[in-house]
Amino acid sequence: MIDWLYNYPTLYPGILLKRYKRFFADVQLDSGEVVTAHCPNTGPMTGVSTIGSAVQISKSDNPNRKLAYTLELIQVNDNQTAWVGINTALPNRVIKLALEKRLFPELGEYEQVKGEVVYGKDRKSRIDFYLTGSAEERPIYLEVKNTTWCQGTLALFPDTETTRGQKHLRELMEVLPASRSVMLYFINRGDCVEFAPGDTTDPVYGQLLREAIKLGLEVLPCRFDISPEGIRYLGLAKLKI
C-alpha cells in the first residue's frame, strides 16, 4: 500500500483547451462538457500549460465560489508520461505534513513546527516554517518554493524573474549563522532527478542562491511523485550549482 502524504479529492479528467488571464482555464471533460476552472498558479507555467494536454480538475461544493472547478494536475511528456501538480496552495500543506512525520532527516531534531512566522529586518516578511527544538539546537527558518519547470530531467527554479524570491534569499542570509536557513524546492513532478537555479530566467536569483549557500544556506531539492491518487515523497534530487 502506497503511503501517500496527501490524497486528492475526487478528480475529473479532461483536456486543456485554453489558459488565460492567469486565473482561468477552459477544460473539456471526458463527457464532452466544457467548463472553466480556476487556475491556482499565477506564474507563466513554462512547459506545463500546453494546449491539448490531459488534465485533472477538482470540484468544490461551496456555493459562494465563482468557479466550482480547480485545475489540479496536468500531464507532460518531457521525459516520460508524468503528472505535474498545478495547485500552488498544496506544497506548503504537504510540507507541513512531511515535517510532522519527520520525513527529512537532513533537518535533524526539532520539536515544534510553526507556520507563517514574522521575521526579517523590517518584520514585514513571513517564513513558511519555523522549527525549534532544544536550547542547544539552532532554530530553523525554512522557505518552500514550488518547482515545475524542467529541461530534461533537470528541475529549475525560477521559471521567470522573481524579485520576491530574491528578497527571500537575502532574508534567509540575514539570519545566518545564529539560525539555520533552509530553502526547500518542492519539485512538483516525479520525472526530474536533478535541480539547479534557473539562471536563464533570473540570473540574479541564481547568483544570490550561490552566495547564500557559501554563507551556510541549506538546500533541499525534494522530489515528489504526483498522481491523481495523491502525492508521495521520493527523496532528494541531485543539486547542481
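Quick notes on the rules
- Residues numbered from 1 in each chain as written.
- Predicted model: local features only at pLDDT ≥ 70, side-chain atom pairs only at ≥ 80, totals over all residues.
- Heavy atoms only, no water.
- Pairing = 2+ DSSP bridges.
- Helix = DSSP H or I, 4+ residues; strand = E, 2+ residues; numbered from the N terminus.
- Contact = heavy atoms within 4.5 Å.
- Expected span 1.5 Å × (residues − 1).
- Buried < 20%, exposed > 50% of the residue type's maximum accessible area, 1.4 Å probe, protein only.
- Polar contact = N/O pair within 3.5 Å; in protein donor to acceptor, adjacent residues only side chain to side chain.

Asks: Please set out the sheet that holds strand S14 (residues 194-197) residue by residue, giving values where relevant.
Replies: A sheet is described by the order of its strands in space; here 4 strands give the open sequence S11-S12-S14-S17, paired in mixed fashion. Edge positions in the sheet fall to strand S11 (149-151) and strand S17 (238-239), since each has one partner strand and no second. In this sheet, S14 lies alongside strand S12 (residues 154-157) in parallel orientation, the contact comprising 4 bridges. Directly across from Leu-154, in S14, lies its bridge partner Glu-194.

Asks: I'd like to hear about the environment of Gly-52, residue by residue, with values.
Replies: Residue position: Gly-52 is located in the loop between strand S4 (34-38) and strand S5 (54-59). Residues Gly-52 and Asn-79, 27 residues apart in the sequence, show an inter-C-alpha distance of 18 Å.

Asks: Report on the environment of Val-193, specifying residues and quantitative values.
Replies: The residue Val-193 is located in the loop between strand S13 (180-187) and S14 in this model. Spatially, the C-alpha atoms of Val-193 and Leu-131 are 27 Å apart, while their sequence positions differ by 62 residues. Once you skip the residues sitting within four places of it in the chain, Val-193 turns out to touch Thr-153, Arg-223, Ala-237 and Lys-238.

Asks: Describe helix H2 (residues 163-174), naming the residues involved and giving the relevant values.
Replies: Taking 1.5 Å as the rise per residue, H2 with 12 residues should run 16 Å; its terminal C-alpha atoms sit 17 Å apart, in good agreement. Every buried residue of H2 is accounted for by Gly-165, Gln-166, His-168, Leu-169, Glu-171, Leu-172 and Met-173.

Asks: Which residues make up the side chain of Asn-41, and what are the values?
Replies: Its location among the elements puts Asn-41 in the loop between S4 and S5. The exposure class assigned to Asn-41 is buried, which follows from its relative accessible area of 8%. A polar side-chain atom of Asn-41 sits 3.0 Å from the main-chain amide nitrogen of Gly-43. Asn-41 has contacts with Arg-19, Arg-22, Ile-86, Thr-88 and Asn-146, leaving out every residue within four places of it along the chain.

Asks: An account of the pairing of strand S3 (residues 24-29) is needed here, citing residue identities and associated values.
Replies: In terms of strand pairing, strand S2 (residues 11-20) meets S3 through 6 bridges, oriented antiparallel. Looking at the pairing, Leu-16 lines up with Val-27 of S3. Here S2 hands over to S3 after 3 residues, with Lys-21 in that stretch at a positive phi of 50°. For S3 and S4, the ladder comprises 5 bridges, and the chain directions are antiparallel. Paired with Phe-24 across the strands is His-38, a residue of S4.

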